[in-house]
Amino acid sequence: RRFSFHRWWGIVDKEFLQLRRDRITFGMIVGIPIVQLLLFGYAINTEPKQLPTAVVVGEQSEFTRSYLAAMRTSGYFEFVGELASESAARDALARGDVKFVVSFPVDFTRRLLRGELPAVLIEADATDPSAAGPALGAARELVASVARKDLRGALAPLAGGGAAPFDVRIHRLYNPEGLTQHNIVPGLMGVILAMTMVMMTGLAMTRERERGTMENLLAMPTRPLEVMTGKIVPYVFIGLIQVSIILLAARWLFDVPFLGSVAVLYAVALVYISANLTVGITLSSIAQNQLQAMQLTFFYFLPSILLSGFMFPFEGMPRWAQAIGSVVPATYFMRSV
């Protein structure tokens, strides 16, 4: 009845032997910390830089060029071209080609020299407030540095008294109030579907093999395709029910505006559900038991969610991380929603 170190060490040795035989579990022990370190160390950035920006220049002058150069030097903005009109700028923002549009009025320099406080208009895609916030704050702070650099000598009185010589007006489009619910709640649809569809399918298939009922199903007068699709279809309906619950909650609890076709959204969600179910079946074919299926699910789920832009701004990731994240089904679905 006394504690025996010899017996205790036998149990410990047995567990180590079992872990050594379970290669998937050993791979998770080593792989998950490495993947998380690489993602958080290199890919995740809470302060996005080099955001695509277009310019609508009503006139070319040393002051407009100086302010644009200061924006480029700040590192937050990456100019991708010059647009002809504000309507073209709105179309570029709606398509997602650019994140910001900087517009200078035609009489900017003349009004600046007269001390009339002209305004630079910056239109921003504020769908994700955490992505646009730091850059817009930097754009306001650049006014003082441009004034100190260019308004010297005879023009020094224009910047006297600490007042800004020109104003920066910011129009936040698509989410002007900066409400995180408008970004988080629709994104939860992709997160919940990715987690439940992959996990439930993987566990269901491995559970059939563990209990020995998969052999019974395959021995029945049915084809393997009929068995697989018959097991998948119920989860498709479960996914559509989850989509409906999230949409109702987004509309009636969080007042998230909905623009577009509901039928198209359900069609896209159906494709996304099918993709996640395919991933779940693939993982279940690798796993030997339900524990391994759970481990493989989290190994797939964590990187895909981190790279999708749900938790951290997608634009703040380096190019290689965005390329990897674009392959993940969750990224396509969340950005389309």
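Anything mentioned here points back to the structure above.
This structure is a prediction, so every number in the text was calculated from the model and none was measured.

(A) Representation of the pairing of strand S4 (residues 119–125). A large share of S4 lies buried, amounting to seven of its seven residues. What you see with S4 is no split at all: Ala119, Leu121, Glu123 and Asp125 on one side and Val120, Ile122 and Ala124 on the other are buried throughout. The sheet contact formed by S4 and strand S5 (residues 167–173) spans seven bridges and is parallel. Along S5, the bridge assignment pairs Val120 with Val168.

(B) Focus on empty space enclosed by the protein. A full pass over the atoms with the stated rule returns one cavity of 30 Å³ or more. Counted as a void, the largest cavity has a volume near 30 Å³. Here the residues of the lining of the largest cavity are counted per class, giving six nonpolar, no polar and one charged.

(C) View of the sheet that holds strand S3 (residues 100–104). If you walk across this open sheet you meet the five strands as S2-S1-S3-S4-S5, and the pairing is mixed. Only two strands of the sheet have a single neighbouring strand rather than two, namely strand S2 (77–82) and S5. The average undirected angle you get between the axes of adjacent strands in this sheet is 25°. Two elements, S3 and S4, share four bridges in a ladder whose sense is antiparallel.

(D) Fine view of the packing of helix H7 (residues 181–211) against helix H10 (residues 262–286). Following both chains from N to C, one finds H7 and H10 inclined at 35°, their axes separated by 8 Å at the closest point. Both H7 and H10 take part in a crossing whose hand is right-handed. Where H7 abuts H10, its residues Gly190, Leu193, Ala194, Met197, Val198, Thr201, Gly202, Met205, Thr206 and Arg209 lie against Tyr272, Ile273, Asn276, Leu277, Val279, Gly280, Ile281, Leu283, Ser284 and Ser285. In terms of residue class, the contact of H7 with H10 is built from eleven nonpolar, eight polar and one charged.

(E) View of helix H2 (residues 23–43). Here H2 contains 21 residues, and its C-alpha end-to-end distance of 28 Å stays within 8% of the 30 Å for a straight helix at 1.5 Å per residue. Helix geometry: H2 is bent most strongly at Gly31, by close to 30°, with proline Pro33 lying one to four residues after it. Of all the residues in H2, the buried ones are Ile24, Thr25, Met28, Gly31, Gln36, Leu39 and Ala43.

(F) Local environment of a nonpolar patch on the surface. On the surface, a cluster of nonpolar side chains totalling about 1,000 Å² of accessible area is made up of Phe16, Leu19, Phe26, Ile29, Val30, Ile34, Leu38, Tyr42, Trp320 and Ile324. Counting residues per element, the ones that place at least two in the nonpolar patch are helix H1 (5–21), H2 and helix H12 (319–327). The element best represented in the nonpolar patch is H2, accounting for six residues. On the secondary structure map, Trp320 appears in helix H12. Residue class for Trp320 comes out partly exposed when judged on its relative accessible area of 43%.

(G) Looking closely at H10. Taking 1.5 Å of rise per residue, the 25 residues of H10 would be expected to cover 36 Å, and the 36 Å separating its terminal C-alpha atoms lies within 8% of that figure. All of the buried residues in H10 are Leu265, Ala269, Tyr272, Ile273, Asn276, Leu277, Val279, Gly280, Leu283 and Ser284. Measuring from the side-chain oxygen of the N-cap residue of H10 to the backbone nitrogen of Ala263 gives 3.3 Å; that N-cap residue is Ser261.

(H) Inspection of unusual backbone geometry at higher detail. In this model, Leu117 sits at a positive phi of 60°, which is unusual for a non-glycine residue. Its location among the elements puts Leu117 in the loop between helix H5 (108–113) and S4. What makes Leu117 partly exposed here is its relative accessible area of 44%. A positive phi is found at Asp255, a non-glycine position, where the angle reads about 55°. Within the secondary structure, Asp255 is located in the loop between helix H9 (224–252) and H10.

(I) Local environment of the pattern of salt bridges. Scanning all chains against the criterion turns up seven salt bridges. Residue Arg111 is joined to Glu116 by a salt bridge in which the shortest nitrogen-to-oxygen separation is 3.4 Å. Under the relative-accessibility criterion, Arg111 is labelled partly exposed at 27%. The closest approach of N and O atoms between Arg114 and Glu116, which form a salt bridge, is 3.9 Å. Note on Arg114: relative accessible area 54%, which makes it exposed.

(J) Inspection of the nonpolar core at higher detail. In terms of nonpolar packing, the biggest core is built from 32 residues, with Tyr67, Met71, Phe100, Ile122 and Phe166 touching the most fellow members. Those elements that place two or more of their residues in this core are strand S1 (51–57), helix H3 (62–74), S2, S3, H5, S4, helix H6 (129–150) and S5. With nine residues, H6 is the largest single contributor of residues to this core. Once residues within four sequence positions are removed from consideration, Tyr67 is found in contact with Phe104, Val120, Ile122, Ala139, Leu142, Val143, Val146, Phe166 and Val168. One finds Tyr235, Ile273, Leu277 and Ile305 within the second-largest nonpolar core, a separate group that totals 21 residues.

(K) Structural detail: the side chain of Asp125. When you line up the elements, Asp125 lands in strand S4. Buried Asp125, no salt bridge; nearest opposite-charge side chain is Lys99, N-O distance 4.2 Å. Only 2.6 Å separates the side chain of Asp125 from the side chain of Thr127, close enough to count as a polar contact. Aside from chain neighbours lying at most four places away, what touches Asp125 is Leu93, Lys99, Ala132, Leu173 and Tyr174.

Basis of the calculations
Residues numbered from 1 in each chain as written. Predicted model: local features only at pLDDT ≥ 70, side-chain atom pairs only at ≥ 80, totals over all residues. Heavy atoms only, no water. Buried < 20%, exposed > 50% of the residue type's maximum accessible area, 1.4 Å probe, protein only. Helix = DSSP H or I, 4+ residues; strand = E, 2+ residues; numbered from the N terminus. Pairing = 2+ DSSP bridges. 1 Å grid on protein atoms, 1.4 Å probe; cavity = no way out; pocket = protein on both sides within 12 Å on 5 of 7 lines; lining within 4 Å. Points joined across faces, edges and corners; volume = space filled by probe spheres on them. Nonpolar A, V, L, I, M, F, W, Y, C, P; charged D, E, K, R; others polar. Axes fitted to C-alpha atoms, helices over the stretch in contact; angles between N-to-C directions. Left-handed = near helix turned anticlockwise from the far one by under 90°. Contact = heavy atoms within 4.5 Å. Expected span 1.5 Å × (residues − 1). Bend = angle between axes of the 7 residues up to and from the residue. Patch = residues over 30% accessible without salt bridge, like charges linked within 9 Å, V, L, I, M, F, W, Y side chains within 5 Å. Areas by Shrake-Rupley, 256 points an atom, 1.4 Å probe, with all protein chains shown as cover. Salt bridge = Lys/Arg side-chain N within 4 Å of Asp/Glu carboxyl O. Polar contact = N/O pair within 3.5 Å; in protein donor to acceptor, adjacent residues only side chain to side chain. Core = buried A, V, L, I, M, F, W, Y, C linked by side-chain atoms within 4.5 Å. Lys, Arg positive; Asp, Glu negative; His and termini not counted.

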